[in-house]
Amino acid sequence: MRTLSRFGALSAVAAAALLCAPVAAHATAPGDNGTVKIHDAKTGDELRRNEPHVCTFYLDAFGFDGVQQVDWHIEAWAPTAHTKGETVKTGALTLDAEGHGRTENLSLPDGHYKLFWNFDGEKGSAKHKVFWTDCGATQGGGTTPAPSASAPSPSASAPASEAPAPSASSSPSAQGGGSGDLAETGNGAPVGLLAGLAAALVAGGGYLVARRRRA
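Residues numbered from 1 in each chain as written. Predicted model: local features only at pLDDT ≥ 70, side-chain atom pairs only at ≥ 80, totals over all residues. Heavy atoms only, no water.

K.L.:
Lay out the overall build of the protein chain with the relevant residues and their values.
P.N.:
A tally of helices and strands in the protein chain yields 5 helices and 8 strands. Ordering the α and β elements of the protein chain from the N terminus gives α-β-β-β-β-β-β-β-β-α-α-α-α. Per-residue burial over the protein chain gives 21% buried out of 215 residues. Partitioning the intrachain contacts of the protein chain with sequence separation of at least 6 by distance along the chain shows that 59% fall at a separation of at least 24. (Helix = DSSP H or I, 4+ residues; strand = E, 2+ residues; numbered from the N terminus. Buried < 20%, exposed > 50% of the residue type's maximum accessible area, 1.4 Å probe, protein only. Contact = heavy atoms within 4.5 Å.)

Here it is in structure tokens:
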């Protein structure tokens, strides 16, 4: 009877040890419970939102196991990559006790890229993010400059008083437009000459009549 009691006690202890062992192993072993984000260089590392369109940027990790070792690399990606999968940047870092860490600020030529984030104890595939770099847009590239104030338009630079006068070819008087006033002006010189001749003839006739009476 005493032997059976001892056997039962040993069985209970062994069963408890077997049940606790997986829990303890899970608590200490690294896992895949973290996430990594792309952040603009001007964004604080407390933000947990991904920013897939950046110029200068950094990689920001959250929620991993404490003091976890990370290796990462970035590959050129379609549609802008000359060779898809070409590694363009690599790095490594150790996360802090809370599983958080960030890289230094990074930069790449404008284009489309994919981040691969590998870490100790990962059980699945690497964490990854796709993103675009476009420094031309963020720095105001390709904008059209405003017109200079020192170069006014032709219509603004010419005052109204200096507007060109109509040409002689378009004036009514040069085209001989047939109005009554123009006809009278053109015949003024012959009419005056005839009136003068008529007055001279009348005066000459009167003189001859007077002389003849005296005779």
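Next comes the rest of the account.
K.L.:
Mind laying out the nonpolar core, listing which residues take part and the relevant values?
P.N.:
Core analysis: the largest hydrophobic core is formed by 20 residues, its most contacted members being Phe57, Leu59, Trp72, Ile74, Leu115, Trp117 and Phe131. Put simply, the parts of the chain that give this core at least two residues each are β1 (35-40), β3 (57-62), β4 (69-76) and β7 (111-119). Leave out the neighbours within four places in its chain, and phenylalanine 131 touches Ile38, Pro52, Val54, Phe57, Ile74, Leu108, Gly111, His112, Tyr113, Lys114 and Leu115. (Core = buried A, V, L, I, M, F, W, Y, C linked by side-chain atoms within 4.5 Å.)

K.L.:
A description of the pairing of β1 should follow, citing residues and the corresponding values.
P.N.:
Of all 6 residues making up β1, 5 are buried, and the element is well covered by its neighbours. Where β1 lies against β3, 6 bridges are found, and the strand directions are antiparallel. Following the sheet pairing, histidine 39 is matched in β3 by tyrosine 58. (Pairing = 2+ DSSP bridges.)

K.L.:
Outline the sheet that holds strand β6 (residues 101-102), supporting the account with residue identities and numerical values.
P.N.:
Overall, antiparallel pairing links the 3 strands, which are arranged β1-β3-β6 in an open sheet. Looking along the sheet, the strands with just one partner apiece sit at the ends: β1 and β6.

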